[in-house]
Amino acid sequence: MKSDLLSLAKDLVAALEKGDEVVADGLLDELAGLRETQLFKEIGRLTRQLHDTMVSFSVDAKIAAMTEHDIPDAKERLQYVIHMTEEAADKTLTAVENLLPISQQLNDQVALLSAKWGRFLDREMPLDEFKSMSSEISRHFKESKTGLEQVQAGLNDILMAQGFQDITGQIIRRVIDLVQELEVSMVKLISISGRKSGDQASTQAHPELPGPVVPGVDDREGGVATSQVDVDDLLSSLGF
Amino acid sequence: MKILIVDDFSTMRRIVKNLLKDLGFTNTVEADDGKSALPILEKGGIDFLVTDWNMPGMTGIDLLRAVRANPHLANLPVLMVTAEAKREQIIMAAQAGVNGYVIKPFTAATLKEKIEKIFERIDG
């Protein structure tokens with residue numbers, strides 16, 4: 001570049017001394033052109049630098065927003081997952097603890113009665129004992145009915161308690177999305193600071209569908225139904 | 001009475017299926033999103049649709065809209081069972097023509113009540 005300038009300048013001086021204005025004009029234009037290209041190059045470099053700084057600034061701001069808002073929010077969501085899984089486990093264990101003695105009691109009764117019934121079939125049972133066995137059988141039927149109803153209800157409780165898997169699964173998916181988003185931002189920041197700006201992957205800050213309401217997180221700003229009663233009220237206000 | 005249960009979580013499909021069985025509805029089919037549900041519905045023979053909202057592929061609200069837009073399915077009763085609880089979403093579902101809306105987590109009694117209410121309206 002420097003040598004280009006120098007030789008152009010020398011040619012220019014020579015042309016002027018010779019009084020060759022046409023050549024001198026052409027050389028002057030060429031010199032100005034060189035100057036302009038350099039200027040544009042410099043402007044280009046500055047623009048790129050500004051752009052990179054702006055991008056890194058927005059990534060910075062994004063990471064700051066994430067650490068300030070999204071990470072604590074994710075922590076609260078994960079706390080809720082612990083709460084829900086604990087509640088489901090408690091419900092299931094309570095139901096099992098209630099059901100086991102019922103099934104044990106019915107089992108004992110059946111063992112006792114079937115032994116007696118065997119003796120009756122073998123004609124080894126006196127009439128008095130047969131009478132008492134008959135009333136025991138009647139009582140067993142009655143107790144079986146209540147017992148099995150309780151078993152049915154308990155099994156239903158266990159069934160319903162498994163609903164936590166769907167809800168917590170949805171919440172955990174969202175937290176995974178957040179972690180991925182954070183990862184992408186960190187990678188972007190590293191590539192910018194290394195001046196090797198790669199493709200900018202677009203991330204989605206907020207999912208389209210808000211999903212399960214986490215108490216204390218999603219209901220802070222209102223606008224969500226926190227119970228089935230809320231849903232029913234809203235729908236009936238719409239004429240449902 | 002044949003019922004189609006649509007949810008991307010198999011645990012939830014099993015819960016709904018068992019609850020329906022307990023209510024006397026033993027004939028059920030399952031699909032894991034709107035995209036796989038639609039061909040089943042179009043084939044005919046489904047009398048009642050229970051669907052989740054947030055599913056990959058095709059969401060429940062899009063499925064509901066597709067059902068209402070199809071002249072053969074337009075009158076199919078649809079119950080939405082979902083964790084989506086924003087007021088705008090419930091209104092959106094109502095406007096799309098849902099027959100009932102249950103938010104998760106729900107109780108067996110709630111599901112029973114909503115299903116009975118839908119059938120009452122259809123019969124009445």
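This section reports on the structure supplied with the text.

### Considering the nonpolar core
Grouped burial of nonpolar side chains is what soluble globular proteins tend to show.
Residues and elements named next belong to chain B.
Then step 1. L4, V6, L41, L49, L63, V67 and Y101 are the most contacted members of the largest nonpolar core, which totals 34 residues.
Then step 2. The dominant element in this core, judged by the number of residues it contributes, is helix 3 (residues 60–69), at four residues.
Then step 3. Discounting chain neighbours no more than four positions away, the residues touching L63 are V6, G34, A37, L38, L41, L49, T51 and M58.
Then step 4. Formed by 21 residues, the second largest nonpolar core is a distinct cluster that contains F25, V50, L111 and I118.

### Here we look at the pattern of salt bridges
Then step 1. Counted according to the given criterion, the structure contains 18 salt bridges over all chains.
Then step 2. In this structure, R45 of chain A and E42 of chain A form a salt bridge, with 2.9 Å as the shortest nitrogen-oxygen distance. Taken together, the positions of R45 of chain A and E42 of chain A, both in helix 2 (residues 21–121) and three residues apart, correspond to about one turn of that helix.
Then step 3. Of the charged contacts, one joins D232 of chain A and K114 of chain B as a salt bridge, the two residues approaching to 2.8 Å between their closest N and O atoms. Here D232 of chain A, found in helix 5 (residues 228–237), pairs with K114 of chain B, found in helix 5 (residues 108–123), and the two come from separate chains.
Then step 4. For D232 of chain A, a relative accessible area of 26% corresponds to the partly exposed category.
Then step 5. For K114 of chain B, a relative accessible area of 7% puts it in the buried group.
Then step 6. Counted as one network, the salt bridges with shared partners bring together D166 of chain A together with D7, D52 and K104 of chain B.

### Quick notes on the environment of L46 of chain A
Then step 1. Mapped onto the elements of the fold, L46 of chain A is located in helix 2.
Then step 2. Through-space distance from the C-alpha of L46 of chain A to that of L113 of chain A is 96 Å; in sequence the pair is 67 residues apart.

### Examining helix 2 (residues 34–43) of chain B
Residue and element names in this part refer to chain B.
Then step 1. When helix 2 is considered as a whole, its buried residues turn out to be G34, A37, L38 and L41. End-on view of helix 2: buried residues confined to an arc of 105 degrees, all on one side of the axis. Opposite its buried face, helix 2 presents the exposed residues K35 and K43, each directed more than 90 degrees away.
Then step 2. Contacts made by the buried residues of helix 2 are with strand 1 (3–6), strand 2 (28–31), strand 3 (48–51) and helix 3.

### A look at the interface of chain B and chain A
Then step 1. Every contact between the two is made by 36 residues of chain B and, on the other side, 31 residues of chain A.
Then step 2. Buried surface at the junction of chain B and chain A, summed over both partners, amounts to about 2800 Å²; 66% is from carbon and sulfur atoms.
Then step 3. In this assembly, chain B and chain A are joined by three salt bridges.
Then step 4. Among the elements of the structure, helix 1 (10–22), helix 4 (87–95), strand 5 (100–103) and helix 5 of chain B are those that each provide at least two residues to the side of chain B that touches chain A.
Then step 5. The element that contributes the greatest number of residues to the side of chain B that touches chain A is helix 1 of chain B, accounting for seven residues.
Then step 6. The class makeup of the residues in the side of chain B that touches chain A is 17 nonpolar, eight polar and 11 charged.

What counts and what doesn't
Residues numbered from 1 in each chain as written. Chains lettered and ligands numbered in written order. Predicted model: local features only at pLDDT ≥ 70, side-chain atom pairs only at ≥ 80, totals over all residues. Heavy atoms only, no water. Core = buried A, V, L, I, M, F, W, Y, C linked by side-chain atoms within 4.5 Å. Buried < 20%, exposed > 50% of the residue type's maximum accessible area, 1.4 Å probe, protein only. Helix = DSSP H or I, 4+ residues; strand = E, 2+ residues; numbered from the N terminus. Contact = heavy atoms within 4.5 Å. Salt bridge = Lys/Arg side-chain N within 4 Å of Asp/Glu carboxyl O. Arc of directions from axis to C-beta. Buried area = accessible area lost by both parts, 1.4 Å probe. Nonpolar A, V, L, I, M, F, W, Y, C, P; charged D, E, K, R; others polar.

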